[in-house]
Amino acid sequence: MSYLYFLTSIRELDDAIGEAYNKCEEWSKNIPYDLILAVNDKGERELQADEENESLPSVKTMEEAHRLAWEETLRCTFYWDANLRNAVKKELEDEPLEKWSRKLIVKLIDLVQDAYGDLLPKLLTGESVVNRARIDYVLALEVLLDIQATKGVAPFAYTEPFPLKPYNWPCYDLRYSLREKGKSIVIIEIDL
């Protein structure tokens, strides 16, 4: 199970949830997904899952939902290296969320440079050059750079520099315009 996070400009939670469901159905009507919760900037929450469920994210505010979206982004980006994911998370955890994107971009640039530096010798010797971690780093770097360029709210992708799907990026910006304020975050569990 994975979580998807949707930033919307809709304060009314039923409508925000409908917007998130529509995005999920754009990807596939055959992938099962369930609302976990929605929270808006007024502190209103809609919870569909069992509140006693310990695996359920404990979210009461949009900032807490935003932090969870970042944590899911780190989980996806560093899926192949839990130690690195934990180290990066530790570096970021005391920083305000607005700074996470720039700090992660710097980290990803270094990781991508290292990954490509190892590529040429492997090509020359005929070794396999497929590296899922490198692919994930490049994807995350490009998405975060695009969010920076469009002045979006990281880690929510508004445009798609690559074809983004639930299995390669967990956060989406569903606002109609980047000028609109994010008024709710919807969290959906998806079975990939």
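The sections below set out a description of the structure shown in this document.

How each quantity is defined
- Residues numbered from 1 in each chain as written.
- Predicted model: local features only at pLDDT ≥ 70, side-chain atom pairs only at ≥ 80, totals over all residues.
- Heavy atoms only, no water.
- Buried < 20%, exposed > 50% of the residue type's maximum accessible area, 1.4 Å probe, protein only.
- Helix = DSSP H or I, 4+ residues; strand = E, 2+ residues; numbered from the N terminus.
- Pairing = 2+ DSSP bridges.
- Expected span 1.5 Å × (residues − 1).
- Arc of directions from axis to C-beta.
- Contact = heavy atoms within 4.5 Å.
- Salt bridge = Lys/Arg side-chain N within 4 Å of Asp/Glu carboxyl O.

Within a regular strand, the side chains alternate between the two sheet faces. For strand E1 (residues 2-8), the buried fraction is high: seven of the seven residues fall into the buried class. Here E1 runs beside strand E5 (residues 184-190); their pairing, made up of seven bridges, is antiparallel. Along E5, the bridge assignment pairs Leu4 with Ile188. Judged from the three bridges that link them, E1 and strand E4 (residues 171-173) form a sheet pairing that is parallel. Paired with Phe6 across the bridge in E4 is Tyr172.

For helix H1 (residues 13-27), which comprises 15 residues, the first-to-last C-alpha distance of 22 Å matches the rise-based estimate of 21 Å (1.5 Å per residue) to within 8%. Every buried residue of H1 is listed here: Leu13, Ala16, Ile17, Glu19, Ala20, Lys23, Cys24 and Trp27. Viewed along the axis of H1, the buried residues span an arc of 155 degrees, placing them on a single side of the element. Looking at the packing, one finds that the buried side of H1 touches E1, strand E2 (33-40), strand E3 (45-47), E4 and E5.

Before going further, it helps to spend a moment on the pattern of salt bridges. Counted under the stated rule, the structure contains eight salt bridges. Through salt bridges with shared partners, a single ionic network connects Arg11, Asp41 and Lys181.

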